[in-house]
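Fold and geometry: a report
One letter stands for each residue in the lines below.
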Number of protein chains: 6
Amino acid sequence: MTTAKLLTDAEVEAIPAAKAVFDDIRATRKSDFVNNFWRGLANDPVSLKRVWEQLKAVMVADSAIDPLTKEMIYIAVSTANGCSYCVHSHTATARAKGMSDAQHGELVSIIGLAGQTNQMVTALQIPVDPEFEVR
Amino acid sequence: MTTAKLLTDAEVEAIPAAKAVFDDIRATRKSDFVNNFWRGLANDPVSLKRVWEQLKAVMVADSAIDPLTKEMIYIAVSTANGCSYCVHSHTATARAKGMSDAQHGELVSIIGLAGQTNQMVTALQIPVDPEFEVR
Amino acid sequence: MTTAKLLTDAEVEAIPAAKAVFDDIRATRKSDFVNNFWRGLANDPVSLKRVWEQLKAVMVADSAIDPLTKEMIYIAVSTANGCSYCVHSHTATARAKGMSDAQHGELVSIIGLAGQTNQMVTALQIPVDPEFEVR
Amino acid sequence: MTTAKLLTDAEVEAIPAAKAVFDDIRATRKSDFVNNFWRGLANDPVSLKRVWEQLKAVMVADSAIDPLTKEMIYIAVSTANGCSYCVHSHTATARAKGMSDAQHGELVSIIGLAGQTNQMVTALQIPVDPEFEVR
Amino acid sequence: MTTAKLLTDAEVEAIPAAKAVFDDIRATRKSDFVNNFWRGLANDPVSLKRVWEQLKAVMVADSAIDPLTKEMIYIAVSTANGCSYCVHSHTATARAKGMSDAQHGELVSIIGLAGQTNQMVTALQIPVDPEFEVR
Amino acid sequence: MTTAKLLTDAEVEAIPAAKAVFDDIRATRKSDFVNNFWRGLANDPVSLKRVWEQLKAVMVADSAIDPLTKEMIYIAVSTANGCSYCVHSHTATARAKGMSDAQHGELVSIIGLAGQTNQMVTALQIPVDPEFEVR
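Residues numbered from 1 in each chain as written. Chains lettered and ligands numbered in written order. Predicted model: local features only at pLDDT ≥ 70, side-chain atom pairs only at ≥ 80, totals over all residues.

**Topic: the overall build of chain A**
Applicable threshold: Secondary structure elements follow DSSP: runs of H or I of four or more residues count as helices, runs of E of two or more count as strands, with numbering from the N terminus. For the radius of gyration, the atoms used are the C-alpha atoms, and the globule rule reads 2.2 Å times the number of residues raised to 0.38. A residue is called partly exposed when the number of other C-beta atoms within 10 Å of its own lies between 12 and 20, exposed at 12 or fewer, and buried at 20 or more, with C-beta atoms placed from the backbone.
Scanning chain A for helices and strands turns up seven helices and zero strands. Order of helices (α) and strands (β) in chain A, N terminus to C terminus: α-α-α-α-α-α-α. For 135 residues, the compact-globule formula gives about 14 Å, and the C-alpha radius of gyration of chain A, at 19 Å, lies well above that figure. C-alpha atoms of chain A, sized along the principal axes, occupy 55 × 35 × 30 Å. Across the 135 residues that make up chain A, the buried fraction comes to 58%.

As structure tokens, this is what we get:
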């Protein structure tokens, strides 16, 4: 159950601005599969294009952080934000980019540990040490 | 302002179980500096030891994820959980482990992008694609 | 699957204090439909009455914010808090109050953008500008 | 820095509806001290009265959960929601109601542990066991 | 204390890509004031431009939701996400766009009420009514 | 759908380190039932052991907070963190430890009230009263 229709390929075909983004998603990912997130966003083609362009710039383009690390960071944020869909989709992507079972297990441990100390720090209201100051 | 006292070195000295953990923190990190989180936890030496042992096992021990990536994942979770102290302390640690300004900038961008799509997915209530299923 | 039974109309009928609230929900909304939230709360009739009275005062009574805007604000909070049920129920209500597809699309974009900048601000630990001070 | 003025006693005196709530807070708590939360809410006397009446009914009235346990639950929620002010105010109240240092230490440990397993469960997307079903 | 330097006007001047964005912020807002968020982002001019372009498209451009409502939605999300800076900056902007004290009071009440029912729904694990289904 | 396999008893049997933890879970709880969380964690036996040892120390061992109160605190955190699985499993445990319907109803009310005031405090950006300072 969604709050906006998930558009089928036929429906997207009828909206040129959405069709152009779907074409680019397929070309960029070298795959015919377009996942549900984009089908929901396609109801608002301007937003679809904006989010896709941003994702392409941040997650796909060459950069100072390697592609697998990027996906693990994405999983970490999605977990802390409680987005089930995002945890699923980015875990699938991370595995496709080579994340091993051992790395996944460690990722889950780091996320859990951070979740623990984050809450303990908040419960204790620990003040920032001056040593952490940016020069 | 904290909800429990931050213990000074002199006060920790008087609690052998806490003193032993502080000694191990200093030996493991090869530094005399012990940050406020541990000084707040030291009020409960059993918890202090448990959290430190866990942190050492997850974040310090050799593993399938490199030390800098671990810190970036920690920053990502801490940001999504809104823990200012944790963002500061782990950003300082990541920089000490070699995170460049370019990597920090990208990390912030990935966290921001994930925060954006996490919320859009939740607002649209997108269902998980069967393609993401673990076999 | 819930953690408390969802009471049927017959079960509510047997609890006068809950019955009175259900009658008021139906009269206020001019509809026989009572959604699951109230059926779960009906296990605790005092709480049921307290929450309903509050909702009626804040969301139904005439006020300085128009009814559709109120629902969009409610959707925004519910999304950020990750409450799927609440996103569904308030999106349905907002549509019933006239929210267009264009408005829904924009709402999702604003929520996403805020989610993005919220996290970037937290990752960067930006201090509040003195210009934002309330006089 | 707040987003609405914190009203002084003199300013509250000039708003009869707010004054009546302040009088009740003082009488109920048998103390002249009224903390900042109520001074911020006093800008909207209707809301001030609604929130205070609710707090009195849930937190002050006799009930099936003892007063100290209620405060510890309040601290737990406030920590997970990242509300520093609320962590401070309810920890002070819990101590006034007799929370020992040992109980505070354990509370912090439980909150931390829950924070950890909450995140691990979300990262692993664990499905609910049918055994947990409410009959 | 931030995790990246807040760039001064002189420092921004030395980075043409950042300078161009600052010029556009000033021209668009018809004000010389550039708040700290953009000064922190300016360390990464590509990200600065991307976020500003997005904010301009979503929050400044003409659209199906009026400017004040947009700001109130932004405050709602920022509050639920616990971003103090964002609550301050968007409350200041909303007041500049005409938000009255009465509207602010109601906004706070709606956010509070949603926060309450969001958590009760989650504690009770209420299932979505089929009536809320998108046709 | 999970992001890691839920191991069956037969699969756990083949991993001695995981088998030992499952044996201890069954012996400690005096029950043959091992819930899904541990079956997901069993993919990483080191993490499985670490989390179980911690849970046993914090939740099972004798302590200054009684077992039912601990479970209610756990439910409170899990609700605020939006972990459906955790809300289900700890509500089932709390009921098994004697939580009455009246106590559950009150717990939900306290969680809801805290959720409300947490958000109002954040929206108003209330500063901590000096009276709450730890001496």
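Still more ground to cover, so stick around.
**As for the confidence of the model for chain A**
We count it as follows: pLDDT expresses, on a scale from 0 to 100, how confident the predictor is about each individual residue.
In this model, chain A carries a mean pLDDT of 96, and residues with pLDDT of at least 70 account for 99%. With a pTM of 0.97, the predicted complex shows an ipTM of 0.96.

**Structural notes on the environment of Thr3(F)**
One can find Thr3(F) in the segment before helix H1 (9-13). Exposure remark for Thr3(F): the 25 C-beta atoms within 10 Å place this residue in the buried category.

**Remarks on the relation of the copies chain A and chain F**
We count it as follows: Least squares is used to superpose the copies, and the fit set is the C-alpha atoms of residues whose pLDDT is at least 70 in both copies. Note on contacts: residues are paired as contacts if their backbone-placed C-beta atoms lie within 7 Å.
For the match of chain A to chain F, the screw axis carries a shift of 0.0 Å, the RMSD comes to 0.0 Å, and the turn is 120°. Between the two chains, the operation in question is that of a three-fold axis. Identified as the residue of chain A closest to the rotation axis by C-alpha distance is Gly82(A), at 3.8 Å. The residues that chain A uses at the interface reappear at the interface of chain F in only 11% of cases, marking distinct surfaces.

**A short note on the interface of chain A and chain F**
Keep this limit in mind: Amino acids outside the nonpolar list (Ala, Val, Leu, Ile, Met, Phe, Trp, Tyr, Cys, Pro) and the charged list (Asp, Glu, Lys, Arg) are all regarded as polar, and Gly is one of them.
Listed per partner, the contact involves nine residues of chain A and seven residues of chain F. When residues of the side of chain A that touches chain F are traced back to their parent elements, those giving at least two are helix H6 (84-96) and helix H7 (101-124) of chain A. For the side of chain A that touches chain F, a count of residues per class yields two nonpolar, six polar and one charged.

**Points about helix H4 (residues 45-60) of chain B**
All buried positions along H4(B) are accounted for by Ser47(B), Leu48(B), Arg50(B), Val51(B), Trp52(B), Gln54(B), Val58(B) and Met59(B). Buried residues along H4(B) sit against H7 of chain A, helix H2 (16-29), helix H3 (36-41) and helix H5 (67-80) of chain B, helix H7 (101-124) of chain D together with helix H4 (45-60) of chain F.

**Brief notes about the interface of chain B and chain A**
Contacts between the two partners involve 57 residues from chain B, matched on the other side by 57 residues from chain A. Every element with two or more residues in the side of chain B that touches chain A is listed here: H3, H4, H5, helix H6 (84-96) and helix H7 (101-124) of chain B. For the side of chain B that touches chain A, the element with the highest residue contribution is H7(B), accounting for 16 residues. For the side of chain B that touches chain A, the residue count by class is 32 nonpolar, 21 polar and four charged.

**Concerning the relation of the copies chain B and chain A**
Structural alignment of chain B on chain A gives an RMSD of 0.0 Å, achieved by rotating through 180° and translating 0.0 Å along the axis. Both chain copies can therefore be described as sitting about a two-fold axis. Here 100% of the contact residues of chain B are again contact residues in chain A; the copies associate through an equivalent surface.

**Topic: the domain arrangement of chain A**
Often the size quoted for an interface is simply the accessible area lost on bringing the parts together. As a reminder of what qualifies: Each domain's limits were defined by an automated method or a database of domain assignments.
The domain boundaries assigned to chain A delineate domain 1 (1-61) and domain 2 (63-127). Here the C-alpha centroids of domain 1 of chain A and domain 2 of chain A sit 25 Å apart.

**Some words on unusual backbone geometry**
Even without a glycine there, the phi angle at Gln125(A) is positive, about 55°. Positionally, Gln125(A) belongs in the segment after H7. Under the C-beta neighbour-count criterion, Gln125(A) is labelled buried, with 21 such atoms within 10 Å. Located in the positive-phi region is Lys30(E), a residue other than glycine, with phi close to 50°. Examined against the element boundaries, Lys30(E) turns out to sit in the loop between helix H2 (16-29) and helix H3 (36-41). Overall, the presence of 6 C-beta atoms within 10 Å leaves Lys30(E) in the exposed class.

**A closer look at the environment of Val108(C)**
Looking at where Val108(C) falls in the secondary structure, it is placed in helix H7 (residues 101-124). We classify Val108(C) as buried; it has 28 C-beta atoms within 10 Å. Residues Val108(C) and Ala76(C), 32 residues apart in the sequence, show an inter-C-alpha distance of 8.3 Å. Setting aside residues no more than four positions away along its own chain, Val108(C) makes contact with Ser47(A), Met120(B), Ala123(B) and Leu124(B).

**Overview of the packing of helix H5 (residues 67-80) of chain A against H5(B)**
Quick reminder of the rule: Here an axis means a line fitted to C-alpha atoms, over the contact stretch when the element is a helix, while the angle between two N-to-C directions is reported on a 0 to 180 degree scale. Between 65 and 115 degrees an angle is taken as roughly perpendicular, under 35 as roughly parallel, over 145 as roughly antiparallel, and anywhere else as oblique. Whether a crossing is left-handed or right-handed is set by the direction in which the near helix is turned from the far one by less than a right angle, anticlockwise for left-handed and clockwise for right-handed.
Closest axis-to-axis distance for the H5(A)/H5(B) pair is 8 Å, and the angle between their directions is 25°. Comparing their axes, H5(B) and H5(A) come out roughly parallel. H5(A) and H5(B) meet at a crossing whose hand is right-handed. Counting all contacts with H5(A), which are made through Thr69(A), Met72(A), Ile73(A), Ala76(A), Val77(A) and Ala80(A), the residues of H5(B) involved are Thr69(B), Met72(B), Ile73(B), Ala76(B), Val77(B) and Ala80(B). Within the contact of H5(A) with H5(B), the residues separate by chemical class into 10 nonpolar, two polar and no charged.

**Considering the packing of H5(B) against H7(B)**
Residues and elements named next belong to chain B. Remark: H5 packs on H7, axes separated minimally by 11 Å, with the N-to-C direction vectors making an angle of 45°. Looking at the two axes, H5 sits oblique to H7. Crossing hand, H5 versus H7: right-handed. Contact residues: H5 offers Met-72, Ile-75, Ala-76, Thr-79 and Ala-80, while H7 offers Leu-107, Ile-111 and Gly-115. Class assignment for the residues of the contact of H5 with H7 results in six nonpolar, two polar and no charged.

**Digging into H7(B)**
Residues and elements named next belong to chain B. The condition is simple: Each helix should span, by expectation, one fewer than its residue count multiplied by 1.5 Å.
In a regular helix each residue adds 1.5 Å, so 24 residues correspond to 34 Å; H7 covers 35 Å between its end C-alpha atoms and thus fits that length. Most of H7 sits inside the fold, with 21 of its 24 residues counted as buried. Where H7 ends, the next residue or the one after it, Gln-125, has phi of about 55°, a positive value.

**Focus: the environment of Ala61(F)**
Of note, Ala61(F) is situated in the loop between H4 and helix H5 (67-80). Sequence spacing of Ala61(F) and Val108(F) is 47 residues, and the spatial spacing of their C-alpha atoms is 26 Å.

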